[in-house]
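# Secondary and tertiary structure notes
So you can see what is in the structure, the chains are spelled out below.
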Amino acid sequence: MAHGTPDTPEGIEPFYTRIRRGRPPTPAQLSELTRRYEAIGGTSPLTARTVAQVDGLAAALEATDPGRFVVRLGTKYVPPTIEEGMAELAAEGVDGVVGIVLTPHQSTMGSGEYFARASAAAGQVEPPLELTVIPSWHRTAPLATLLAARTRAALNTLGPEARAQVAVFFTAHSLPVRAVADGDPYPAQVAESGADIAGLLDLDADPFVTWSTAWQSAGRTDDPWIGPDLLAEMKRVAADGATAVVVCAVGFVSDHLEVLYDLDIEARDVACALGMAFARTISLDDDPAFLAMLAAVVVAAVDGA
């Protein structure tokens, strides 16, 4: 299961309305979001990236257990929906369903909403299907290894002057504070991801590097959102003498608006204005090693059930 994105500029407004739970955006809000999509080419590559991930996961599962798995995509906001994906699986005559969300961390507002819809859909097909969910997979060992290698590669793109004092941030999508107020595991899991990667790279032992967790892409609402905000943190480290910023977006598994605009354009522009170099890690996308890892997670869930 995945978030989904509009495939055409004309689809931005209905997509935005669905994200806002049926409340149409104001003209100013729609104009701002459209501008961001235009800045990355008019639409997001998320659909193509997600389809490639789904196809790659299917291939990895077939290589591991030939004939055992059928893989289908269901998205939260665009076709094919989660309900349509479940109906396709039922039509294939599967014995049960494993639900995995293409985000590493568990949250009530994020993965929890996907699983609630999947569970309801599994009970509405005939015959009803048993659903096994994978709440999170952020501590699957190969994930930290893959992201550590990408973080090291991003650090290695910096020139000698930029390497004088580097601030590394491990980021994920912010959520409203009210959504994580009752012990939601999301903030702690994101922090664990950052610590795992920093540990593999031994960043604490590097006198020229600092690291921390930050949050990005907060919504345009009046509610308070989880912080600290990445852009604010970049200003803080610049005031402390940082010469470069490296961002590893641990909460995202593919290129999309929050990476291509919020990081590659917005955060990079802030870094430039502050006199700092900027680099970010390459997204996982359809890396075969990443999809082999997901396949192992799925097999373990089935065998465990």
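Note: the structure precedes this text.
Residues numbered from 1 in each chain as written. Predicted model: local features only at pLDDT ≥ 70, side-chain atom pairs only at ≥ 80, totals over all residues. Heavy atoms only, no water.

### Here's the deal with helix H4 (residues 82–91)
- Here H4 has its buried residues at Ile82, Gly85, Met86 and Leu89. An end-on view of H4 places all buried positions within 100° of arc, on one side of the element.
- Among the structural elements, strand E1 (97–99) and helix H5 (111–124) are those in contact with the buried residues of H4.
- Looking at the residues trailing H4, positive phi occurs at Gly93, about 75°. (Buried < 20%, exposed > 50% of the residue type's maximum accessible area, 1.4 Å probe, protein only. Helix = DSSP H or I, 4+ residues; strand = E, 2+ residues; numbered from the N terminus. Arc of directions from axis to C-beta. Contact = heavy atoms within 4.5 Å.)

### Some points on the side chain of Ser254
- Structurally, Ser254 is set in the loop between strand E5 (244–248) and helix H9 (257–260).
- The buried category is assigned to Ser254, whose relative accessible area is 4%.
- The contact partners of Ser254, leaving out residues within four places of it in the chain, are Leu46, Arg49, Gln53, Val259, Ser283 and Asp285.

### A word on empty space enclosed by the protein
- Tallied over the full model, the rule gives two cavities of 30 Å³ or more.
- In terms of lining, the largest cavity is formed by Leu147, Val247, Cys248, Ala249, Phe252, Val259, Leu263, Arg280, Thr281, Ile282, Ser283 and Leu284.
- Tallied by class, residues from the lining of the largest cavity come to nine nonpolar, two polar and one charged.
- Around the second largest cavity, the lining residues are Pro104, His105, His138, Leu143, Ala144, Leu147, Ser193, Asp196, Ile197 and Val250.
- Mapped onto the lining of the second largest cavity, the elements with two or more residues apiece are helix H6 (141–156) and helix H7 (186–201).
- Counted by class, the lining of the second largest cavity contains six nonpolar, three polar and one charged residues. (1 Å grid on protein atoms, 1.4 Å probe; cavity = no way out; pocket = protein on both sides within 12 Å on 5 of 7 lines; lining within 4 Å. Points joined across faces, edges and corners; volume = space filled by probe spheres on them. Nonpolar A, V, L, I, M, F, W, Y, C, P; charged D, E, K, R; others polar.)

### Side note on the packing of H4 against H5
- Relative to each other, H4 and H5 sit at 40°, their axes nearing to 9 Å. It follows that H4 is oblique to H5 by the angle criterion. Both H4 and H5 take part in a crossing whose hand is right-handed. Taken together, the residues of H5 that come into contact with H4 (itself represented by Ile82, Glu83 and Met86) are Tyr114, Arg117, Ala118, Ala121 and Ala122.
- Within the contact of H4 with H5, the residues separate by chemical class into six nonpolar, no polar and two charged. (Axes fitted to C-alpha atoms, helices over the stretch in contact; angles between N-to-C directions. Parallel < 35°, antiparallel > 145°, perpendicular 65-115°, else oblique. Left-handed = near helix turned anticlockwise from the far one by under 90°.)

### Remarks on the sheet that holds strand E3 (residues 166–173)
- As summarised here, the arrangement of the four strands in space is E4-E3-E5-E6, forming an open sheet in which the pairing is parallel. The sheet is open, and its two edges are formed by strand E4 (209–216) and strand E6 (277–280), each paired on a single side. Neighbour-to-neighbour, the strand axes of this sheet turn through a mean angle of 25°, independent of strand direction.
- Pairing of E3 with E4 involves eight bridges; the strand directions are parallel. Pairing of Val168 across the sheet is with Trp211, part of E4.
- The strands touched by H7 within the sheet are E3, E4 and E5, with E4 carrying the most contacts at an inclination of about 150°.
- Sheet contacts for helix H10 (residues 262–273): E4, E5 and E6; angle to E6, the most-contacted strand, approximately 160°. (Pairing = 2+ DSSP bridges.)

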